[in-house]
Amino acid sequence: AQMLALPGFLSAERFRVESGAGEPVEFCVQYRLHDAVALDAYFREHAPHMRAEGLSRFGSRFTAARRVMRPFASA
């Protein structure tokens, strides 16, 4: 909900990453943003605070990674 309240965030979909027995539980959230400008603003203005908040809440049990994906142009 916090992320979706940020300017330019349109939607989010949550996933549990399939892993082997005994492996740590992983989650993935895929966000859709209005455009690259909104993504750049998030990286600049909000990402450091959001990451620090996660570390504060979960300590060493928390890691974050991001992958930026762009749709293919329609043919």
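Remember, predicted model here, so these are calculated numbers, not experimental data.

A. Structural view of the overall build of the protein. Per the secondary structure count, the protein includes two helices and two strands. In the protein, the order of α-helices and β-strands from amino to carboxyl end is β-β-α-α. Relative to the 2.2 N^0.38 estimate, which gives 11 Å for 75 residues, the radius of gyration of the protein is 14 Å and therefore markedly larger than a compact globule would have. Dimensions of the protein along its principal axes, counting C-alpha atoms only, are 45 × 35 × 20 Å. Taken across its 75 residues, the protein has 13% of its residues classed as buried. Looking at the protein alone, contacts between residues at least 24 apart form 35% of all its contacts between residues at least 6 apart. A total of about 6700 Å² of accessible surface is found on the protein, and carbon and sulfur atoms cover 54% of it. Of the side-chain charges in the protein, 10 are positive and 8 negative, and the distance between the mean point of each set is 2 Å.

B. Focus on helix 1 (residues 36-45). By the burial criterion, the buried members of helix 1 are Ala38, Leu39, Ala41 and Tyr42. One face of helix 1 carries all of its buried residues, which in axial projection span an arc of 160°. Facing away from the buried surface of helix 1 by more than 90 degrees, the exposed residues are Val37 and Arg44. For helix 1, the secondary structure elements touched by its buried residues are strand 1 (9-17), strand 2 (26-33) and helix 2 (47-58). Residue Asp35 occupies the N-cap position of helix 1, its side-chain oxygen lying 3.3 Å from the main-chain nitrogen of Val37.

C. Representation of the layout of surface pockets in the model. Approximately 2100 Å³ is the volume attributed to the largest pocket. Of all the secondary-structure elements, those providing two or more residues to the lining of the largest pocket are strand 1, strand 2, helix 1 and helix 2. Here the lining of the largest pocket takes eight residues from strand 2, the largest share from any one element. Residues belonging to the lining of the largest pocket are distributed by class as follows: 26 nonpolar, four polar and eleven charged.

D. Representation of a nonpolar patch on the surface in the model. Where nonpolar side chains cluster on the molecular surface, the patch consists of Leu4, Val29 and Tyr31 and spans about 220 Å² of accessible area. For Tyr31, a relative accessible area of 31% gives the class partly exposed.

E. Spatial organisation of the packing of aromatic side chains. All chains considered together, the criterion is met by three aromatic pairs. Relative to Tyr42, the ring of Phe9 has its centre 5.5 Å away and its plane inclined at 75°; by these criteria the two rings are edge-to-face. With Phe9 in strand 1 and Tyr42 in helix 1, the pair connects residues that are 33 residues apart, well separated along the chain. A relative accessible area of 9% places Phe9 in the buried class. By relative accessible area, Tyr42 is classed as buried at 10%.

F. Summary view of the environment of Gly8. With respect to the element layout, Gly8 can be found in the segment before strand 1. Gly8 sits in the partly exposed class, given a relative accessible area of 25%.

Procedures and definitions
- Residues numbered from 1 in each chain as written.
- Predicted model: local features only at pLDDT ≥ 70, side-chain atom pairs only at ≥ 80, totals over all residues.
- Heavy atoms only, no water.
- Helix = DSSP H or I, 4+ residues; strand = E, 2+ residues; numbered from the N terminus.
- Rg over C-alpha atoms; globule rule 2.2 N^0.38 Å.
- Buried < 20%, exposed > 50% of the residue type's maximum accessible area, 1.4 Å probe, protein only.
- Contact = heavy atoms within 4.5 Å.
- Areas by Shrake-Rupley, 256 points an atom, 1.4 Å probe, with all protein chains shown as cover.
- Lys, Arg positive; Asp, Glu negative; His and termini not counted.
- Charge placed at Lys NZ, Arg CZ, Asp CG, Glu CD.
- Arc of directions from axis to C-beta.
- Polar contact = N/O pair within 3.5 Å; in protein donor to acceptor, adjacent residues only side chain to side chain.
- 1 Å grid on protein atoms, 1.4 Å probe; cavity = no way out; pocket = protein on both sides within 12 Å on 5 of 7 lines; lining within 4 Å.
- Points joined across faces, edges and corners; volume = space filled by probe spheres on them.
- Nonpolar A, V, L, I, M, F, W, Y, C, P; charged D, E, K, R; others polar.
- Patch = residues over 30% accessible without salt bridge, like charges linked within 9 Å, V, L, I, M, F, W, Y side chains within 5 Å.
- Salt bridge = Lys/Arg side-chain N within 4 Å of Asp/Glu carboxyl O.
- Phe/Tyr/Trp six-rings, centres within 6.5 Å; stacked < 30°, edge-to-face > 60°.

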